[in-house]
Structures are given as structure tokens and as C-alpha cells.
Amino acid sequence: MTDPALGNRLKVLRAERDLTQEALAEAVGVTRKSINAIEKKRMVPSVVTALKLASVLGVPVEEIFSLAD
Amino acid sequence: MSSTLMIKRMSKTTLWYVITWNIWFGALILEQFDILPQNSPLAIAADVIGFAAAISWFALLFRLSAMGRQVQKDAKLRSAFHDDFMDLAKRKAGRIGYFGALFSAAALAVLSDIAGLSGLLVAELVILASVNAYLVSWLVFIGREDADD
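Residues numbered from 1 in each chain as written. Chains lettered and ligands numbered in written order. Predicted model: local features only at pLDDT ≥ 70, side-chain atom pairs only at ≥ 80, totals over all residues. Heavy atoms only, no water.

Right, let's get into the interface of chain A and chain B. How large an interface is tends to be reported as the accessible area lost when its parts come together. Between chain A and chain B, the residue contacts involve 22 residues of the former and 20 residues of the latter. Together, the buried faces of chain A and chain B total about 1,800 Å²; carbon and sulfur atoms form 42% of this surface. By the criterion of area lost to chain B, the three top residues of chain A are T31, R32 and K33 of chain A, representing 31% of everything that side buries. A salt bridge links E26 of chain A to K76 of chain B; the nearest nitrogen and oxygen atoms lie 3.5 Å apart. Inspection of the region where chain A meets chain B yields 8 residue pairs in polar contact (both at pLDDT 80 or more). Of all the secondary-structure elements, those providing two or more residues to the side of chain A that touches chain B are α1 (10–16), α2 (21–28) and α3 (32–39) of chain A. (Contact = heavy atoms within 4.5 Å. Buried area = accessible area lost by both parts, 1.4 Å probe. Salt bridge = Lys/Arg side-chain N within 4 Å of Asp/Glu carboxyl O. Polar contact = N/O pair within 3.5 Å; in protein donor to acceptor, adjacent residues only side chain to side chain. Helix = DSSP H or I, 4+ residues; strand = E, 2+ residues; numbered from the N terminus.)

Quick look at helix α4 (residues 47–57) of chain A now. Within α4 of chain A, the full set of buried residues consists of T49, A50, L53, A54 and L57 of chain A. Take α4 of chain A and look down its axis: the buried residues cluster within an arc of 135 degrees, on one side only. Among the exposed residues of α4 of chain A, those oriented more than 90 degrees off its buried face are V47, V48 and S55 of chain A. Turning to α4 of chain A, the residues buried within the fold contact α1, α2, α3, α5 (61–64) and β2 (65–67) of chain A together with α4 (84–115) of chain B. Looking one or two residues beyond α4 of chain A, the residue adopting positive phi is G58 of chain A, at roughly 70 degrees. (Buried < 20%, exposed > 50% of the residue type's maximum accessible area, 1.4 Å probe, protein only. Arc of directions from axis to C-beta.)

Residues and elements named next belong to chain B. Model confidence for chain B is summarised by a mean pLDDT of 88, while 97% of its residues fall at 70 or above. Within chain B, the element-level pLDDT minimum falls on helix α3 (residues 75–81), averaging 88, and the maximum on helix α2 (residues 41–73), averaging 92. Across the assembled chains, the prediction reports ipTM 0.82 with pTM 0.82. (pLDDT = per-residue confidence, 0-100.)

Generally speaking, a soluble globular protein has its nonpolar side chains buried in company with each other. L10, L53 and I64 of chain A together with F81 of chain B are the most contacted members of the largest nonpolar core, which has 49 residues in total. Among the elements that make up this core, the one with the highest residue count is helix α5 (residues 119–144) of chain B (10 residues). Those residues within four positions of L10 of chain A in sequence are excluded, and the remaining contacts are L24, I35, I38, E39, L53, L57 and I64 of chain A. (Core = buried A, V, L, I, M, F, W, Y, C linked by side-chain atoms within 4.5 Å.)

Because each turn of an α-helix spans 3.6 residues, side chains separated by three or four positions end up pointing in the same direction. All names here are of chain B. In this model, α2 (33 residues) spans 48 Å end to end at C-alpha, consistent with the 48 Å of a helix rising 1.5 Å per residue. By the burial criterion, the buried members of α2 are A43, A46, G50, A53, A54, W57, L60, L64, M67 and V71. In this structure, the buried residues of α2 make contact with α1 (3–33) and α3. (Expected span 1.5 Å × (residues − 1).)

So this is what it looks like as C-alpha cells:
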């Protein structure tokens, strides 16, 4: 499922921490394809995945995801 | 084993599973059309190829089952294989498979009336179309997301 209203900074935050999609996926417990699909805004993650991403990246969830203007 | 590697292996095995199943089922369907004369070299070759495909299909089925057990045993793999992306892939493929079954059943119902196809043949063609719609769309969806690290 996609939603054009939902923006995300996942790729930027991941790059800042020098993490590959594979490493982030492993840490979160999802497939690398999930991370790729979220970054490319082809899929809206579930609340659980969003919270796990925030926890692994050490930022509040609203710093990763935001509603586009 | 990482989930990426496991998905790659599963996709490859599923692709061969689809190919061998189509050859096997295709040979079965071909027999019912009575196109090839009985005991002709072509008919025998079709039988042999169909039989070989059926054996390969069973071997691939066992391999896929073994992979499924491996995923269930490993907590990390189990979690990854039930993530948002994999669930979405299953849902999308399921929807395409469902409509594949509906459309092929409707089209073949009309066609069987016109061309006088047997009920067994229609049932086989509907199974072939719907299973192919599900598995091929799953493979396409799974294969589409590539890394860009």
C-alpha cells in the first residue's frame, strides 16, 4: 500500500549512520526489500515496523515519517 | 542465513517450480486435445517430458517445504518472512490469483459452450491460469524491489 501524503527521511538517516539497507533490515527484523520499498515510498510501513525503525535509528518516529505539505 | 539470501533461493526455486508445473500440466492438457497421434514419437516425447517435469516438480515441492521449515525454525527469518513487504506481496498476488481464477473461469465457460470443451479440461485450464497468476505475480512483485545502497 502506498500513500503520497506520507514522506520519510529513512534513506538520509540510514546514510548518516553509515548503515546499508541489509544491516538496517537485520537490526529491525524485516527483509531488505521492506526497507527499500519504504525508502522509495512504495509501501507504508506498519506502526510496529515504524517504531522498530525509530528505535534502531535512535530518533523519534516523527523524525523519520511526516505528512507531506 | 540472511533473509535476502533466503528470499533469493526461494524465488529461484519457485520459478523452477512454476516452469516444471506448467510443462507437466501442459503435457496433461495437450493429451486431452488429441492433437498428437497415439504412439507417435511426438506423443511419446510429450509423455516423457511431462513425466520428467512431474518428478522435478515433486523434488522442488520438497525443497520448498524444507526451506519453509528452515524459515519457521529461525526466529529472525520467521520475523522477516512475515514483515510488511512479504505480507503485501502475498496479498497482491492473492488478489491477482483470485481475479485470474474468476476471469479464466468466465472466459472458459463461454469458450466451452462454443468449442465444446470437456468439464475436466476447463477445470484444468482454470487451475493452470489461477495458480500461474498467483505465483508469477508473487515472483514479479518479490523481484521488483532491488537495493540501491
